[in-house]
Amino acid sequence: MASPTEENPARTLLVAFVVCAVCSVVVSATAVFLEPRQRANREREREQQIQAIVARQPGLAELLEGLEGVSLEPHVVELATGELADHIDAATFDARRAANDPLLGVALPADRDPARIGRRSRFAVVYLIEAAGRIELVILPVHGSGYASTLYGYLALAGDTNTVAGLSFYEHGETPGLGSEIEEPYFLESWPGKLVRDEKGELRIGIALDEVDPDSPDAAYEVDGLTGATRTCSGVTQLLRYWLGEDGFAPFLERVRLKNEGGP
Amino acid sequence: MNTDSTRTLTRPVFDENPIALQVLGVCSALAVTKTLATALVMCLALTAVLTASNTAISAIRKLVPRSIRLIVQITIIASLVIVADQFLRAFAWELSKELSVFVGLIVTNCIVLGRAETFAMNNSVGASALDGLGNGLGYSVILIAVGSVRELLGAGALLGYQLLPLASEDGWFQPIALMRSPPSAFFIIGGLIWLLRTWKTSQVEESETDVLVPPTPARSES
């Protein structure tokens, strides 16, 4: 080598520090600079997921086409009361950012945080399909911890608010080939038709530890587990039960049910 | 461009191909060659990272103390990989999802660290950049060949365009399921190495062990 590279601790530390500083500036600058484009990509993907859920529902696409003025409408819901908060613009409301806002977000105590999300927004953007005064489909945003990452997805419920119409995940960082199976069609297709609660009102929806025996009483509520993805699957069960429970969308779903049954 | 630089650039393509001769970087060659499109994006990402890392490491080669040189090299390579991954997520979102972890894993691709340690640490910036580009091209030649064969025989298509009419859609072509799974890349790379060594016989290695013919068992005397 042309010049002898001296080995003295101060010089070694200096070189290490400068290399790290330059590299971190390059990496952060790229991330910040490209973030808007990446966010646009994620948004587009989310839109497509919602469209895909709608497209998978038998008869729903026809319903949307056939009826005048029927469309997929975003609404902001206040979770605690279940009331629509239409004074907030659903197009610009960002629930993920709101979760960390001191006014819009709430911290969840550990014993009431089965989905392990720490904080959540007090409001959420749901999508509704309404036809002839009846809500035909409710699409709820759900998220929670899986094995290696936070899973973000949408759960669609039929108008009775107790039958799953579809589930999909648009963002996760689970192990490729194991936990990542939660976004595969064969897994997602096992959800439609599953029931959320039993006659006593108990939340029963979830993923079984292995295959579901079609004759067992759980078969109406549970789907087959994924081999090698036990913790991802239990994460999905927990997050579904959390968001469908009293701390999640239960108050809102109760209002939807009453409205559909012709109540107040 | 003088002949020396041309040699630096072209030698890794056929004479010292990183995959075919040095058998490095095979892991990603198996994983991302199911379709030609993913193979192309991977080639682009690796070539960009390799050229940039060779250039950067060569530029500071005289400043880096020997005791921490590997850590410095890895830090630079890892940063460049993150940058490449961020660009893919911004400009080729769908393909970056298909490539999933494999762009991130370029950091562990032996070709990148190998060229940094053996070439960029000892050569000028210009030569190192050309060496990085050349090795990237060598990697790309193999990946594009494997990706083309696998997509053509596994799906009857190239870059998503259906070239061979599928039997399932009233055509005549029956896709070969094996081509859609990673092990098929082993066979194709093996075939390419065989072709390359038939053409350039200097690459044939001397056999390290003799093939032993087991002695015929002695017949028992009873």
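Residues numbered from 1 in each chain as written. Chains lettered and ligands numbered in written order. Predicted model: local features only at pLDDT ≥ 70, side-chain atom pairs only at ≥ 80, totals over all residues. Heavy atoms only, no water.

Peer 1: Got a sec to walk through the packing of aromatic side chains? Specific residues and values, please.
Peer 2: One pass over the full model with this rule turns up 10 aromatic pairs over all chains. Ring geometry for A:Tyr152 against A:Tyr170: centres 6.3 Å apart, planes inclined by 40°, an arrangement best described as tilted. Note that A:Tyr152 is positioned in strand β6 (residues 150–158) and A:Tyr170 in strand β7 (residues 164–171), a separation of 18 residues in sequence. By relative accessible area, which is 13% here, A:Tyr152 ends up buried. Consider the rings of B:Trp172 and B:Phe173, whose centres lie 5.9 Å apart with planes at 80°: the pair is edge-to-face. Judged by relative accessible area, which is 59%, B:Trp172 ranks as exposed. Its relative accessible area of 8% is what places B:Phe173 among the buried residues. (Phe/Tyr/Trp six-rings, centres within 6.5 Å; stacked < 30°, edge-to-face > 60°. Helix = DSSP H or I, 4+ residues; strand = E, 2+ residues; numbered from the N terminus. Buried < 20%, exposed > 50% of the residue type's maximum accessible area, 1.4 Å probe, protein only.)

Peer 1: Could you give an account of the packing of helix α3 (residues 36–59) of chain B against helix α7 (residues 110–120) of chain B, with specific residues and numbers?
Peer 2: Residue and element names in this part refer to chain B. Running from N to C, α3 and α7 point in directions that differ by 30°, and their axes come no closer than 10 Å. Overall, the two elements α3 and α7 adopt an arrangement that is roughly parallel. Viewed along their axes, α3 and α7 form a crossing whose handedness is right-handed. Side by side, α3 and α7 meet where Leu46, Val49, Leu50, Ser53, Asn54, Ile57 and Ser58 of the first sit next to Ile111, Val112, Arg115, Ala116 and Ala120 of the second. The residue inventory of the contact of α3 with α7, partitioned by class, reads eight nonpolar, three polar and one charged. (Axes fitted to C-alpha atoms, helices over the stretch in contact; angles between N-to-C directions. Parallel < 35°, antiparallel > 145°, perpendicular 65-115°, else oblique. Left-handed = near helix turned anticlockwise from the far one by under 90°. Contact = heavy atoms within 4.5 Å. Nonpolar A, V, L, I, M, F, W, Y, C, P; charged D, E, K, R; others polar.)

Peer 1: Can you tell me about the confidence of the model for chain B, naming the residues and giving the values?
Peer 2: Of the residues in chain B, 96% have a pLDDT of 70 or more, and the chain-wide mean is 87. Across the whole predicted complex the pTM is 0.68, and at the interface the ipTM reaches 0.78. (pLDDT = per-residue confidence, 0-100.)

Peer 1: Summarise the nonpolar core; cite the residues concerned and give the values.
Peer 2: For soluble globular proteins, the rule of thumb is that nonpolar side chains tend to be buried together. Core analysis: the biggest nonpolar cluster contains 43 residues, and B:Ile19, B:Met42, B:Ile106, B:Leu143 and B:Ile189 have the highest contact counts within it. Of the residues forming this core, the biggest block, eight residues, is contributed by α3(B). If we skip the residues at most four places from it in the chain, B:Leu143 touches B:Ile19, B:Ala29, B:Val32, B:Thr33, B:Ala39, B:Met42 and B:Cys43. Judged by nonpolar contacts, the second largest core, of 39 residues, contains A:Val77, A:Leu151, A:Leu188 and A:Leu226. (Core = buried A, V, L, I, M, F, W, Y, C linked by side-chain atoms within 4.5 Å.)

Peer 1: Residues and numbers for the environment of A:Leu226, please.
Peer 2: All names here are of chain A. When you line up the elements, Leu226 lands in the loop between β9 (222–223) and α5 (230–244). Leu226 sits in the buried class, given a relative accessible area of 9%. Considering only alpha carbons, one finds Leu226 and Ala208, 18 residues apart in sequence, at a separation of 8.8 Å. Excluding its chain neighbours within four sequence positions, the residues that come into contact with Leu226 are Glu181, Ile182, Tyr186, Phe187 and Cys233.

Peer 1: Tell me about unusual backbone geometry, and please be specific about residues and values.
Peer 2: Here A:Thr161, not a glycine, exhibits a phi torsion of approximately 60°, which is positive. Looking at the secondary structure, you find A:Thr161 in the loop between β6 and β7. Residue A:Thr161 is classed as buried on the basis of its relative accessible area of 9%. Not every positive phi belongs to a glycine, and B:Leu159 is a case in point at roughly 50°. Mapped onto the elements, B:Leu159 comes out in the loop between β1 (157–158) and β2 (161–162).

Peer 1: Report on the state of the cysteines, specifying residues and quantitative values.
Peer 2: Counted according to the given criterion, the structure contains zero disulfides over all chains. B:Cys27 carries a free sulfur, and the closest cysteine sulfur to it, the one in B:Cys110, is 8.8 Å from it. (Disulfide = S-S within 2.5 Å.)

Peer 1: Can you lay out the interface of chain B and chain A for me, pointing to particular residues and giving the numbers?
Peer 2: By a widely used convention, the size of an interface equals the accessible area lost when the partners come together. Taken residue by residue, the interface counts 26 residues in chain B and 25 residues in chain A. Its salt-bridge partner being A:Glu45, residue B:Lys97 comes within 2.5 Å of it at the nearest N-O pair. Inspection of the chain B/chain A interface yields seven residue pairs in polar contact (both at pLDDT 80 or more). Where the side of chain B that touches chain A is concerned, the elements lending two or more residues are α4 (69–91) and α5 (93–99) of chain B. (Salt bridge = Lys/Arg side-chain N within 4 Å of Asp/Glu carboxyl O. Polar contact = N/O pair within 3.5 Å; in protein donor to acceptor, adjacent residues only side chain to side chain.)

Peer 1: Describe a nonpolar patch on the surface, listing the residues and the values that go with them.
Peer 2: All names here are of chain A. Together, Leu14, Phe17, Val18, Val22 and Val26 give the surface a local cluster of nonpolar side chains, amounting to about 470 Å² of exposed area. With respect to the helices and strands, the residue Val22 is situated in helix α1 (residues 9–56). Overall, Val22 belongs to the partly exposed group, its relative accessible area being 47%. (Patch = residues over 30% accessible without salt bridge, like charges linked within 9 Å, V, L, I, M, F, W, Y side chains within 5 Å. Areas by Shrake-Rupley, 256 points an atom, 1.4 Å probe, with all protein chains shown as cover.)

Peer 1: Break down the sheet that holds strand β5 (residues 134–145) of chain A for me, citing the residues and quoting the values.
Peer 2: Residue and element names in this part refer to chain A. Pairing within the open sheet is antiparallel, and its five strands lie in the order β1-β4-β5-β6-β7. The open sheet is flanked by β1 (72–78) and β7, the only strands paired with a single partner. Mean inter-strand twist for the sheet, computed between neighbouring axes without regard to direction, equals 25°. Sheet topology note: the β6/β7 ladder contains six bridges and is antiparallel. When the bridges of β7 are listed, Leu155 appears paired with Leu167. The strands touched by α5 are β5, β6 and β7; relative to β5, the strand with the most contacts, the crossing angle is about 130°. Across the face of the sheet, helix α6 (residues 250–260) comes into contact with β1, β4 (123–131), β5 and β6 while running at roughly 170° to β5. (Pairing = 2+ DSSP bridges.)

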